[in-house]
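# Summary of structural features
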Amino acid sequence: MRKWWPLTAVCLGAFILLVDVTIVNVALPSMAADLGASFTSLQWVIDGYALALAALLLASGSLADRFGHRRSYVCGLGVFGLASLACGLAPNAAMLVAARVVQGIGGAAMFATAPALLLTSYQGRDRGTAFGVWGAVNGAAAAAGPLLGGLLTEHFSWPTIFWVNLPIAAVAIATTLRVVRADRPADQPVGTSGHGARLSGTRARVDIPGATAFTIAVATLTCGLIRGGEVGWASAETLTTFAVTASALIAFVAIEHRTARRGGVPMMDLALLRRPSFAALMSGALLLQGGAFGCLVLVSLWLQSMLGLSPVGAGLALTPLAGASFLVAAVAGRHLQRLAPHLPIGIGLLSVAAGMLVLRAGMTADAGPTALMGGLAVTGIGVGLATPVLVSAATSSVPPQQAGMAGGAVNTFRQLGMTLAIAVFGTVFTSRAAAVLTGPGTVPDPQKGASALAAGQARRLVDAAPAADRGAVHHMVHTAFATGLDRVFLTSALAAAIGGLIVLIFVRPSHRTAAGHATTREQGTPKDDVGQSAKDGWQGAGDAGGLETGRGPGAGDGREHDGGPRQEASVAQQS
């Protein structure tokens, strides 16, 4: 059993990383009540975490290459644990959001290095087993998140959903330092340019200017989408925010082109987006995550503030999505790898769209929690079909030396999908709810009333009405929330359907894997130990619908392999 301790250390980090994506949803009403938080603050509690993950994932991979994967993983665990402590101690919403951003920074370091640690710790059949277990832990964490969050919030308090990370992080750090071999920076393969040319004798530099421009662009875009619905789309604040977004995007493109032209390692080789299959897969990743999960914040608020469910009850009501995703991916994950990738991904996205339409059909002013079961289950089936194939499809659609960058890009776009969807759906919800609340004077300010609904303050809105009007306001509030969710579900369905059609039309099977194995055999590296094990690792990472991880710049490094150890290092670098 001693050989499985490195897997245990990596799985502990994966568990707390993924649980913190889903555990927060059912605790949002309690946070809003204790901290007096607005819906905008609630959005940033989730978006701040996802935004940091998306913006820093590729840069974290480059940092890990320079300073060592084990060191980066341990530092990520430490930052994550300390930020979790700060989250639970936050005296107001602003401090909570700031701590969540720091959590995301630590999570990015863990996210980018975990597969590399598994690849260097295991070989052959053990490697496939390790990735399969790691993927299953990811899926189990996603399924357990809402229920665990409900139990901790209801029986203790919402800060405990963050504090529970502390002992797990401490055990993971101690285990990693004891059982995972340290990799020195000198052991890392050398870097490459964006076109695969070897930079002899040097390691990949961290693309700090590119990472900075990308972070500013994504942060201001998210802020503009959130604030635009509140202050107006034509307001000076909104227009200025979007102008900064456009400027940052232009700067990012210019920086990446210049870095590649000078023989450096860009954070993202933009030439990849000219490949139809790769661009379509990135669109699918973005719309899958946004379409399937972006609405859950509002659904959780509806369950607790409108239907009066406890946090545990809300967690149970949301489990059909995570449960169906976990079961489908765990049972069919390896079989899906045998299909042309556009089929499971495209059909999965269309299933997500169908699930959202089922949710929309059942959403009325008198609906109860059982109205969610069918739609969430169908959505989960779609997620379970599409998720295990995404990374392997993306890495197969690009040259081998850019496989790690492609895998990292998939996860970046997935996190962006979640971040942007929460912002967009919040605006869609409040605009539709405000339209319903515009009535015969029972709600003086419909826009503020819609924002109060989105912050889980429905009861306060009803209590503020004159006694004679409370019955009418109560019915109007239920109708407004159902109408807002109806439009959110429709928007999710359209996004997922568009993503499915894009994938089915533009993604084509790649024959790179077979060619890669031929090359490996010609160079004398055992296929079974390296090529197939790497393939098994990618499959295993996705088998349970968990977070597949790809590396950033310099993946694979375009090097000529001269045998086992160097090939092993290249595979680790790609992941």
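Located above this text is the structure these notes cover.
Described below are features of the structure shown in this document. Quick caveat, the model's predicted, so the values are computed rather than measured. Residue numbers run consecutively from 1 along every chain, following the written order of its sequence. Note on the predicted model: pLDDT of at least 70 is required for a residue's local features to be given, and 80 or more for side-chain atom pairs to be given and counted; whole-chain, interface and lining totals, by contrast, use all residues. Heavy atoms throughout the structure, all of them, feed into the side-chain values; hydrogens and water do not.

### Describing the overall build of the protein chain
In terms of regular secondary structure, the protein chain is built from 22 helices and zero strands. We call a residue buried when its accessible area falls under 20% of the maximum for its residue type, exposed when it is over 50%, and partly exposed in between, using a 1.4 Å probe and counting protein chains only. Counting every position in the protein chain, which comprises 575 residues, the buried fraction comes to 59%. Working rule for contacts: check all heavy atoms of both residues, and any pair within 4.5 Å makes them a contact. Within the protein chain, contacts between residues separated by at least 24 positions form 81% of all contacts whose residues are at least 6 apart in sequence. Throughout, the Shrake-Rupley method with a 1.4 Å probe supplies accessible areas, and for residues the shown protein chains are the sole cover considered. Split by element, the accessible area of the protein chain, about 21,000 Å² in all, is 64% carbon and sulfur. We count a stretch as a helix when DSSP gives it H or I for four or more residues in a row; a strand needs E for two or more, and each element gets its number in order from the N terminus.

### Here's the deal with the pattern of salt bridges
Each reported salt bridge corresponds to a side-chain nitrogen of Lys or Arg within 4 Å of a carboxyl oxygen of Asp or Glu. Per the counting criterion, the structure on display carries two salt bridges. In this structure, Asp20 engages Arg100 in a salt bridge whose closest nitrogen and oxygen atoms are separated by 3.6 Å. Residue Asp20 is located in helix α1 (residues 5–22), and its partner Arg100 is located in helix α5 (residues 93–121); the two are separated by 80 residues in the primary sequence. Grouping residues by exposure puts Asp20 and Arg100 together as buried.

### Details of the environment of Met110
Looking at where Met110 falls in the secondary structure, it is placed in helix α5. Accessibility expressed as a relative area gives 2% for Met110, which makes it buried. Once the C-alpha coordinates of Met110 and Tyr73 are considered, the two residues, 37 residues apart in sequence, prove to be 5.0 Å apart. In this view, Met110 contacts Gly13, Ile16, Leu17, Tyr73, Gly76, Leu77 and Phe80; residues no more than four positions away in its chain are not counted.

### Notes on the packing of aromatic side chains
The geometry of two aromatic rings is summed up by the distance between their centres and the angle between their planes. Centres within 6.5 Å are what make two rings of Phe, Tyr or Trp a pair, Trp counting through its six-membered ring; a difference in plane orientation under 30 degrees is then read as stacked, over 60 as edge-to-face, and the rest as tilted. Per the counting criterion, the structure on display carries six aromatic pairs. On the numbers, 5.2 Å between centres and 25 degrees between planes, the contact of Trp4 with Tyr122 is stacked. Here the residue Trp4 occupies a position in the segment before α1, and Tyr122 occupies one in the loop between α5 and α6 (124–155), the gap between them amounting to 118 residues. Look at Tyr49 and Phe80: their rings are 6.4 Å apart centre to centre, the planes differ by 65 degrees, and that puts the pair in the edge-to-face class. Of this pair, Tyr49 sits in helix α3 (residues 39–67) while Phe80 is found in helix α4 (residues 69–89), placing the two residues 31 residues apart along the sequence.

### Things to note about the packing of α4 against helix α8 (residues 165–179)
Axis definition: a line fitted to C-alpha atoms, limited for helices to the stretch in contact. Angles are taken between N-to-C directions and run from 0 to 180 degrees. At a minimum axis separation of 9 Å, α4 and α8 run at an interaxial angle of 165 degrees. Considering the angle they form, α4 stands roughly antiparallel to α8. Remark: the crossing between α4 and α8 carries left-handed chirality. Mapping the contact onto sequence places Arg70, Tyr73, Val74, Leu77, Gly78, Phe80, Gly81, Ser84 and Leu85 in α4 and Asn165, Leu166, Ala169, Ala172, Ile173, Thr176 and Leu177 in α8. Polar here means any residue outside two lists: the nonpolar Ala, Val, Leu, Ile, Met, Phe, Trp, Tyr, Cys and Pro, and the charged Asp, Glu, Lys and Arg; Gly therefore counts as polar. Looking at the contact of α4 with α8, its residues break down into 10 nonpolar, five polar and one charged. For this classification, under 35 degrees means roughly parallel, over 145 means roughly antiparallel, 65 to 115 means roughly perpendicular, and everything else is oblique. Crossing chirality is assigned from the near helix's rotation relative to the far helix, an anticlockwise turn below a right angle marking it left-handed and a clockwise turn marking it right-handed.

### Comments concerning the side chain of Thr412
In this structure, Thr412 sits in helix α16 (residues 403–437). According to the relative accessible area criterion, Thr412 is buried, its value standing at 4%. In contact with Thr412, not counting residues within four places along its chain, are Ala54, Leu57, Leu58 and Phe214.

### Examining the nonpolar core
The nonpolar side chains of soluble globular proteins are, as a tendency, buried together. Residue types Ala, Val, Leu, Ile, Met, Phe, Trp, Tyr and Cys, when buried and joined through side-chain atoms within 4.5 Å, form a set referred to as a nonpolar core. Counting residues in each nonpolar core, the largest one holds 153 residues, and the members touching the most others are Met31 and Leu453. With 16 residues, the top contributor of residues to this core is α16. If we skip the residues at most four places from it in the chain, Met31 touches Val24, Gly36, Val45, Leu96, Trp158, Ile161 and Phe162.

### Let's talk about the environment of Ala64
Here Ala64 is to be found in helix α3. A relative accessible area of 0% means that Ala64 is categorised as buried. Note: C-alpha distance between Ala64 and Thr113 (49 residues apart in sequence) is 6.9 Å. With residues near it in sequence (within four places) discarded, Ala64 still touches His69, Ser72 and Thr113.

### Some remarks on helix α11 (residues 276–293)
Since one α-helical turn is 3.6 residues long, residues separated by three or four positions face the same way. Its 18 residues place the ends of α11 26 Å apart at the C-alpha level, agreeing with the 26 Å of an ideal helix rising 1.5 Å per residue. Here α11 lies mainly inside the structure; 14 of its 18 residues are buried. For a helix, the expected span equals 1.5 Å multiplied by the number of residues minus one.

### Observations concerning helix α17 (residues 446–454)
Taken residue by residue, α17 has Pro446, Gly449, Ala450, Ala452, Leu453 and Ala454 as its buried positions. One or two steps after α17, the chain reaches Gly456, where phi turns positive at roughly 75 degrees.

So, to be careful, I would describe these as geometric facts and stop short of saying anything about function.
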